[in-house]
Amino acid sequence: MAESKPVIYAAMGGNLLIAITKFVAAAFTGSSAMLSEGIHSVVDTGNQGLLLLGLKRASRPPSAQFPFGHGKEVYFWSFVVALLIFAVGAGVSIYEGINHILHPEPMQSPLINYIVLGLGILFEGASWAFALNAFRKTKGKWGYVQAVRRGKDPTMFMVVFEDSAALLGLLVALGGIWLSEWTHNPIFDGIASVIIGLILGGTAIWLAVETKGLLIGESANRGVVDAIRHLAGNTDAVESVNEVLTMHMGPDFVLATLSIRFRRGTPAERIERAIATLDRDIKAEVPTVKRVFVEAEARADVDERPDHGEEPASAPA
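Residues numbered from 1 in each chain as written. Predicted model: local features only at pLDDT ≥ 70, side-chain atom pairs only at ≥ 80, totals over all residues. Heavy atoms only, no water.

J.: I keep staring at the nonpolar core and nothing clicks. Help me out?
T.: Generally speaking, soluble globular proteins have nonpolar side chains that are buried together. Of all hydrophobic cores here, the largest spans 48 residues; its most connected members are M34, I85, M158 and V159. At the level of secondary structure, the elements contributing two or more residues to this core comprise α1 (4-29), α2 (32-58), α3 (73-102), α4 (110-139), α6 (154-183) and α7 (187-216). Top element by residues in this core is α6. It accounts for ten residues. If you look at the next biggest cluster of nonpolar residues, it comprises 24 residues, including V238, V241, V254 and F262. (Core = buried A, V, L, I, M, F, W, Y, C linked by side-chain atoms within 4.5 Å. Buried < 20%, exposed > 50% of the residue type's maximum accessible area, 1.4 Å probe, protein only. Helix = DSSP H or I, 4+ residues; strand = E, 2+ residues; numbered from the N terminus.)

Right, here's the structure in full:
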């Protein structure tokens with residue numbers, strides 16, 4: 001998660017400066033689209049602050065109340081960010097746009113808007129390129145959409161999505177202001193504000209959907225599960241591997257639970273050694289796996305009555 005912080009700091013600083021210039025421009029020109037863009041930048045700045053808060057809280061060590069650590073704080077705050085984009089960013093932009101359409105007012109000094117939007121596109125584009133480059137390094141061989149769907153660190157792709165929506169919003173605002181000036185009809189400025197709100201709403205819904213699974217308890221990627229199953233199947237004394245259940249407790253913390261059948265007649269000491277070896281091998285092969293629990297399953301042909309049978313043994317590694 002450490003690689004996410006420089007991206008978030010860069011986006012946060014850029015958005016704060018852009019927000020100030022947009023509000024100044026909106027105050028001078030009366031542009032609804034520019035006001036929506038200012039609100040958008042303020043929301044983005046606050047969102048990046050929340051992402052940094054999530055990263056800080058997620059780094060806290062495990063405790064008696066949270067024995068698996070606080071890694072899911074990242075997912076919680078990322079979901080809050082998505083809700084804020086939808087409620088504040090999209091809601092206020094759409095409201096301002098509709099209000100401007102119903103009560104249009106001509107813009108004053110539109111040149112100021114063009115200057116601010118040009119600077120905004122320049123700064124936002126630099127932030128977007130920085131975030132995209134960092135995301136490209138972490139996504140590996142996956143495509144961009146696949147990396148978002150399979151990625152377990154939402155802070156990285158959230159910044160990319162926010163910056164992409166911001167760039168698109170700036171272009172829409174530029175088009176709305178230009179049409180309003182060219183046609184002498186300020187309604188286009190309000191329409192641009194509504195479109196910006198819809199862009200933010202769509203972005204928020206997408207981010208919320210992608211974060212929801214991680215917040216609830218998403219499994220590790222198929223490659224991780226297959227690697228665990230392969231290692232377990234090749235462990236001494238293991239006859240078969242029945243279930244491999246995984247869950248992300250944070251971007252870099254996977255909990256793995258295995259249901260294993262050992263060979264008939266295997267002594268308890270050998271089973272213990274096999275479990276210890278499997279625990280070591282899994283953590284060495286897949287560093288994100290921090291905790292491994294192994295359940296030794298009873299054979300189907302064993303009499304499971306209380307006086308003859310034996311309950312399955314569960315051994316945390």
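J.: Hey, could you run me through unusual backbone geometry in this one?
T.: Where the residue is not glycine, phi is negative for most of them; where a peptide bond is considered, it is trans in most cases. A positive phi angle, close to 60 degrees, is found at H184, a residue other than glycine. Mapped onto the elements, H184 comes out in the loop between α6 and α7. For A237, which is not glycine, the phi torsion reads 80 degrees and is therefore positive. Within the secondary structure, A237 sits in the loop between α8 (222-233) and β1 (238-250). Note on A237: relative accessible area 0%, which makes it buried.

J.: I keep staring at the packing of α2 against α6 and nothing clicks. Help me out?
T.: For any two helices packed against each other, the geometry is given by the interaxial angle and the distance between the axes. Between α2 and α6, whose axes approach to 10 Å, the crossing angle comes to 175 degrees. Relative to α6, the element α2 is oriented roughly antiparallel. Along the contact surface, α2 presents A33, M34, E37, H40, D44, N47, Q48, L51 and L55, while α6 presents T155, M158, V159, E162, A165, A166, G169, L170, A173 and I177. Looking at the contact of α2 with α6, its residues break down into eleven nonpolar, five polar and three charged. (Axes fitted to C-alpha atoms, helices over the stretch in contact; angles between N-to-C directions. Parallel < 35°, antiparallel > 145°, perpendicular 65-115°, else oblique. Contact = heavy atoms within 4.5 Å. Nonpolar A, V, L, I, M, F, W, Y, C, P; charged D, E, K, R; others polar.)

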